Amino acid sequence: MKIERSCVICRKKDEKSNLVRMTKNDNEVQLDFEQRSDGRGFYVCKTPECIARLAKHKKYAIKQEMAEEILKNMRSTPNKL
Ligand SMILES: [Zn+2]
């Protein structure tokens, strides 16, 4: 069964495995590589465009350092994310 989620940035729907899951707890956004941690999860495309835009998002803003970290990981280990 295909599970689809939509990116909070561009609203595009895609399979879960093609998106990066993050959770928001106590106003802190964290990456959820395993896609199974508790908390309010949301999804973002694995694209530099959406990750960069997430850093400036009103509701789900991540720290600039985290955005850079994600982008770096995407380049070095694209399959891990
Ligand atoms: Zn997107």
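As the structure is a prediction and not an experimental result, all values here were calculated from the model.

So, how was this worked out
Residues numbered from 1 in each chain as written. Predicted model: local features only at pLDDT ≥ 70, side-chain atom pairs only at ≥ 80, totals over all residues. Helix = DSSP H or I, 4+ residues; strand = E, 2+ residues; numbered from the N terminus. Buried ≥ 20, exposed ≤ 12 C-beta atoms within 10 Å, placed from the backbone. Contact = placed C-beta atoms within 7 Å. Pairing = 2+ DSSP bridges. Axes fitted to C-alpha atoms, helices over the stretch in contact; angles between N-to-C directions.

A.B. asks: Go over the overall build of the chain, please, and point to the residues and values.
C.D. replies: Within the chain one finds two helices and five strands. When the elements of the chain are put in sequence order from the N terminus, they spell out β-β-β-β-β-α-α. Here the chain holds 81 residues, and 19% of them are scored as buried. Restricting to contacts in the chain with at least 6 residues of sequence separation, those with at least 24 account for 41%.

A.B. asks: I'd like a description of the sheet that holds strand 3 (residues 19–25), backed by residues and values.
C.D. replies: One open sheet accounts for three strands, arranged 4-3-5; its pairing is antiparallel. Among the strands making up the open sheet, the edge pair consists of strand 4 (28–31) and strand 5 (40–45). Recorded for the sheet is a direction-independent mean angle of 35° between the axes of neighbouring strands. Two strands pair when backbone bridges link them, and strand 3 and strand 5 are joined in this way by six bridges, in the antiparallel orientation. Bridged to Arg-21 within strand 5 is Tyr-43.

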